Amino acid sequence: LRLPPDVYKVDTQLKKNLKDDTNCIIDFVLFGGNNICFIENKVESKEGYEQLERYGKVLERYYPNLNKYLFYCTKHSEPKDFKDYNFRQFKWYEIAKYVILPFVEENPTIKDYYKFLTKYKMAQDNTLKAENLLTMENLQKTLEIMTFHLDNSKDDFISKFGMDNANVN
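These notes cover the structure that comes with them. No experiment lies behind these values; they were computed from the predicted model shown.

Focus: the pattern of salt bridges
Here is step 1: Summed over all chains, the structure comprises eight salt bridges.
Here is step 2: Across the salt bridge formed by E44 and K75, the nearest N and O atoms sit 2.7 Å from each other. Taken together, the residues span a long stretch of sequence, with E44 in the loop between β3 (35–41) and α1 (51–62) and K75 in the loop between β4 (67–74) and β5 (88–91) at a distance of 31 residues.
Here is step 3: Classification of K75 as buried rests on a relative accessible area of 19%.
Here is step 4: Residue K80 is joined to E47 by a salt bridge in which the shortest nitrogen-to-oxygen separation is 2.7 Å. Note that K80 is positioned in the loop between β4 and β5 and E47 in the loop between β3 and α1, a separation of 33 residues in sequence.
Here is step 5: Residue classification places E47 among the partly exposed positions, given a relative accessible area of 21%.

Dropping the structure here:
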């Protein structure tokens, strides 16, 4: 996570209220002597109404003397233009790749967690890259060429092997 060195304690589902009685429930919090980091985790949902801004207000109100960090972890791409609180955004596959995968063989709990992330397609990088687009373009051309040759060899195939009435495909 590239946080400054500190002795961190972990809390989850931390509930804080703002002045207007808005309730904030922060998914994951790292408390340090000099630093605090809120991590909002999303899987199949999007950011709630002004959720990051509200979390920033919680950081200001409740932790004025700490260095503040606000991270946003998503399964799907959901780019944010948020500048405050050392904001960083990452995806679940990065957690799987850099934080979990190096320790999978050392710890059965981590191994199970990695299996969970894999099962729900959270451990794979689904970023569409230029080479993927090139492959898709070439795949379409390859399929067209294969179809052309299959159609041209159909009569020869039938003459050598006969035609079964079961499934023409």
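On we go from here.
Let's talk about the packing of aromatic side chains
Aromatic rings in a pair are described by how distant their centres are and how their planes are angled relative to each other.
Here is step 1: With the rule as written, the count across this model stands at eleven aromatic pairs.
Here is step 2: Ring pairing ties together the aromatic residues F31, F38, Y55, Y62 and Y63, which thus form one cluster.
Here is step 3: The positively charged end of K16 is found above the aromatic ring belonging to Y62, 4.5 Å away from the centroid.
Here is step 4: A cation over a ring is seen here: R88 above F71, with NZ or CZ 4.9 Å from the ring centre.

Concerning the layout of surface pockets
Here is step 1: In this model, the second largest pocket occupies a volume close to 280 Å³.
Here is step 2: What lines the second largest pocket is a set of 13 residues, among which L1, F28, I39, I95 and V99 lie closest to the centre.
Here is step 3: Mapped by element, the contributors of at least two residues to the lining of the second largest pocket are β2 (23–31), β3 and α2 (92–100).
Here is step 4: With three residues, α2 is the largest single contributor of residues to the lining of the second largest pocket.
Here is step 5: Across the lining of the second largest pocket, the residue classes tally to twelve nonpolar, one polar and no charged.

Concerning helix α4 (residues 130–161)
Here is step 1: Along its 32 residues, α4 runs 43 Å from first to last C-alpha, staying within 8% of the 46 Å computed at 1.5 Å per residue.
Here is step 2: At S153, α4 shows its strongest bend, of approximately 45°.
Here is step 3: In the stretch just after α4, G162 is the one whose phi turns positive, near 80°.

Brief notes about helix α3 (residues 108–119)
Here is step 1: For α3, with twelve residues, the first-to-last C-alpha span of 16 Å sits near the 16 Å given by 1.5 Å per residue.
Here is step 2: Backbone nitrogen of T109 and a side-chain oxygen of the N-cap are separated by 2.7 Å at the start of α3; the cap is N107.

Let's talk about the nonpolar core
Here is step 1: One finds I26, I36, F38, L59, Y63 and L70 to be the most contacted residues of the largest nonpolar core, which totals 18 residues.
Here is step 2: Excluding residues that lie within four positions of it along the chain, I36 makes contacts with V29, L30, F31, L59, Y63, L66, N67, K68 and Y69.
Here is step 3: Counting 16 residues, the second largest nonpolar core, distinct from the first, contains I39, C73, I95 and A123.

Reading guide: rules and limits
- Each chain has its residues counted from 1, following the order in which its sequence is written.
- Per-residue local features of the predicted model are confined to residues with pLDDT of at least 70, and side-chain atom pairs are confined, for both listing and counting, to 80 or more; whole-chain, interface and lining totals are unaffected and use all residues.
- Each side-chain value is worked out from all heavy atoms of the structure, with water and hydrogens disregarded.
- We count a salt bridge whenever a side-chain nitrogen from Lys or Arg sits within 4 Å of a carboxyl oxygen from Asp or Glu.
- The numbering of helices and of strands both runs from the N terminus, where a helix is a DSSP run of H or I of at least 4 residues and a strand a run of E of at least 2.
- To sort residues, take the accessible area from a 1.4 Å probe on protein chains only and compare it with the maximum for the residue type: under 20% means buried, over 50% means exposed, and anything in between is partly exposed.
- Aromatic rings from Phe, Tyr and Trp, with only the six-membered ring used for Trp, were paired whenever their centres fell within 6.5 Å, and each pair was classed as stacked if the ring planes differed by under 30 degrees, edge-to-face if by over 60, and tilted otherwise.
- The rule is short: NZ of Lys or CZ of Arg within 6 Å of the ring centre and within 35 degrees of the ring normal puts a charge over the ring.
- The rule is simple: put a 1 Å grid over the protein atoms alone, call a set of points where a 1.4 Å probe fits but cannot get out a cavity, call an open set with protein on both sides within 12 Å along at least five of seven lines a pocket, and count a residue as lining if it has an atom within 4 Å of a point.
- Grid points are joined across faces, edges and corners, and a volume is the space filled by probe spheres set on the points.
- Residues are sorted three ways: Asp, Glu, Lys and Arg are charged, Ala, Val, Leu, Ile, Met, Phe, Trp, Tyr, Cys and Pro are nonpolar, and all the rest, Gly among them, are polar.
- Expected helix span is taken as 1.5 Å per residue step, with the number of steps being one fewer than the number of residues.
- Fitting axes to the seven residues ending at a residue and to the seven starting there, one defines the bend at that residue as the angle between these axes.
- N or O atoms within 3.5 Å of each other form a polar contact, as long as, within protein, one can give a hydrogen and the other can take it, and as long as residues adjacent in sequence are counted only when both atoms are side-chain atoms.
- By nonpolar core is meant a set of buried Ala, Val, Leu, Ile, Met, Phe, Trp, Tyr and Cys residues that side-chain atoms within 4.5 Å join together.
- Residue contacts follow a heavy-atom distance rule, with two residues in contact if any of their heavy atoms lie within 4.5 Å.

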